[in-house]
Amino acid sequence: MRSSVPLLFAAGLVTGLTAALTVPGQAQEPKAATGAPQPGSPVAEAPVPGSETRIAVLYRPVPAPSSYDAEADPEDLGVAGARMAVKDNNTTGRFTKQTFALDEVALEEGQNPVEAAKALADKGVRFFVLALPAAEVLAVSDALKDTGAVVLNAGAPDDRLRGADCRANLFHVLPSRAMQTDALAQYLTLMRWRKVFLITGPTERDKAYADAMRNSARKFGLKITAEKPWTFGPLAKARGDTPTRAEAMVFTRGLDYDMAVVADEEGDWGDYVPFRTVDPRPVAGTQGLIATTWHPTLETWGAAQAQNRFRRLAGRLMRPLDYQVWAAVRTVGEAATQTRSTDPAVLAAHLVKPEFSLPAYKGVSLTYRPWDHQLRQPIIVVQPKAMVSVAPEQGFIHQRTPLDTLGADEPETACKLR
């Protein structure tokens, strides 16, 4: 195993949730929550005349469900986080005489995001936050390459965007799939649940998650003792009992495993699996125990304050995409404050410097990896009603930072920024 892969110390095997929650570092309040920059900082001592910085958010509104769905995505999913972030940016910007404005672009069905992005670029917009699939993220970043614009990916976890398809003008705010499955694999290793039954859905996204889980299993010494495709359809959304359900109930018979890991990014069937396995086994992956950026049960490190502010603003709970878009818009605001500049070239160069930091309710200030432009961050491991742990787990070490035990490390990356 290469030296950059973390080692698990025996001491780390006996830690509780309280210890896990303190791994990333001391609690911090984002500057936007308190208003003023840190006393004694260059920004606090030397305010400079500023100008309005426009940040565009491109997203596709979620259509209302045809029938009742208690967990349906809200129409303002993601963009509500941007609205809170631009308020935070302007709170801090008062001290540097900088102002920020939001261009919300709700893409209609069939509308080309490249054309929408180019139209905004022609009007002088140089910062773009995308809550879009990987193919559209790549197309927009390529189309804006010659404009000098900075593109922040808030919605596509695809590893290829951080690997062979990386771009110099593209930064990734949400964790990659590899980071998500590494976080889950660290927890399974900590608990010594080493035997995994992997169940994979039919979509390309499901298969990509399963691939990431296989890589994480190899990386952290887990054993995938069984793999099966899910062939019973969207049972999590079905009503009533059917023969298909009866067949699915014996799906796990005769298997030896500690944890069932489901790969169902569409949310069609993964929630059906818990409590329906033949043997009593926990379920994790895209449903059950999940690794994510944000959750309503996160309250530490000032997160409760952010939860309450968001609920007052949006009238609902903050979801992961809301947090990811918030962090993307705050990235622009924080870089502008730290550099006292609105030049996208200056800000893009600053993001990958050690001097850049983004306070983001995660216990430590977050930074971007220079080799693939991925935002380093702790990842919370949660079940639907409670937080379970935080990755990186105690005992996983790295020569640079424990945060780099999650996802592709520099010696492993296929990214060649261009």
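Structure's up top.
What you see as residue numbers is a count from 1 along each chain, following the sequence as written. Totals for whole chains, interfaces and linings use all residues, but because this is a predicted model, local features are given only for residues with pLDDT of at least 70 and pairs of side-chain atoms are given and counted only at 80 or more. The basis for every side-chain value is the complete set of non-hydrogen atoms in the structure, without hydrogens or water.

(A) Focus on the packing of helix 7 (residues 177-191) against helix 8 (residues 204-220). Helix axes are fitted to C-alpha atoms over the stretch in contact, other axes to C-alpha atoms as well, and angles between N-to-C directions run from 0 to 180 degrees. Each helix corresponds to a stretch of at least 4 residues labelled H or I by DSSP, and each strand to a stretch of at least 2 residues labelled E; elements are numbered beginning at the N terminus. Where helix 7 contacts helix 8, the two axes come as close as 8 Å, and the packing angle between them is 45 degrees. Between helix 7 and helix 8, the interaxial angle falls into the category oblique. The way helix 7 lies across helix 8 gives a crossing that is right-handed. Residues Arg 177, Ala 178, Gln 180, Thr 181, Asp 182, Leu 184, Ala 185, Gln 186 and Thr 189 of helix 7 lie in contact with helix 8, whose contacting residues are Arg 205, Ala 208, Tyr 209, Ala 212, Met 213, Ser 216, Lys 219 and Phe 220. Angle categories: roughly parallel below 35 degrees, roughly antiparallel above 145, roughly perpendicular from 65 to 115, and oblique for all the rest. By convention, the crossing between two helices is left-handed when the near helix turns anticlockwise from the far helix through less than a right angle, and right-handed when the turn is clockwise. Here, two residues are considered to be in contact whenever any of their heavy atoms come within 4.5 Å of each other.

(B) Focus on the sheet that holds strand 12 (residues 386-391). Overall, antiparallel pairing links the 3 strands, which are arranged 10-11-12 in an open sheet. The outermost strands of the open sheet, each flanked by one partner alone, are strand 10 (290-292) and strand 12. The average angle at which neighbouring strand axes cross in this sheet is 35 degrees, direction not considered. Strands pair, by our definition, only if DSSP identifies at least two bridges between them. Judged from the 3 bridges that link them, strand 10 and strand 11 (residues 379-383) form a sheet pairing that is antiparallel. Of the residues in strand 11, the one forming a bridge with Ala 291 is Val 381.

(C) Broad picture of the packing of helix 4 (residues 79-93) against helix 11 (residues 320-339). Direction vectors running N to C along helix 4 and helix 11 enclose 20 degrees, while the axes themselves pass 7 Å from each other. Looking at the two axes, helix 4 sits roughly parallel to helix 11. Taken as a pair, helix 4 and helix 11 cross one another with a handedness that is right-handed. Residues Ala 80, Gly 81, Ala 82, Met 84, Ala 85, Val 86, Asp 88, Asn 89 and Thr 92 of helix 4 form the contact with helix 11, whose participating residues are Asp 322, Val 325, Trp 326, Val 329, Arg 330, Gly 333 and Thr 337. Broken down by class, the residue content of the contact of helix 4 with helix 11 amounts to 8 nonpolar, 5 polar and 3 charged. Asp, Glu, Lys and Arg are counted as charged, while Ala, Val, Leu, Ile, Met, Phe, Trp, Tyr, Cys and Pro are counted as nonpolar; the rest, among them Gly, fall into the polar class.

(D) Structural detail: the pattern of salt bridges. The rule for a salt bridge is simple: a side-chain nitrogen of Lys or Arg has to be within 4 Å of a carboxyl oxygen of Asp or Glu. Counted by the stated rule, this structure contains 26 salt bridges. Across the salt bridge formed by Glu 410 and Arg 400, the nearest N and O atoms sit 3.3 Å from each other. Residue Glu 410 is located in the segment after strand 12, and its partner Arg 400 is located in the segment after strand 12; the two are separated by 10 residues in the primary sequence. According to the relative accessible area criterion, Glu 410 is partly exposed, its value standing at 41%. When salt bridges with common partners are traced through the structure, they connect Arg 369, Arg 376, Arg 400, Asp 404, Asp 409 and Glu 410 into a single cluster. A 1.4 Å probe rolled over the protein chains alone gives each residue an accessible area, and that area as a share of the maximum for its type sets the label: buried under 20%, exposed over 50%, partly exposed in between.

(E) Region of the structure containing the sheet that holds strand 2 (residues 99-106). One open sheet accounts for 5 strands, arranged 2-1-3-4-5; its pairing is parallel. Strands at the two margins of the open sheet, each flanked by one partner only, are strand 2 and strand 5 (170-172). Across the sheet, the mean angle separating the axes of adjacent strands is 25 degrees when strand polarity is ignored. With 3 bridges connecting them, strand 4 (residues 150-153) and strand 5 associate as parallel partners. Across the sheet, residue Asn 153 finds its bridge partner in strand 5, namely His 172. Packed on one face of the sheet, helix 4 meets strand 1 (52-59) and strand 2 and runs near 170 degrees to strand 2.

Just geometry here; none of it tells us what the structure is for.
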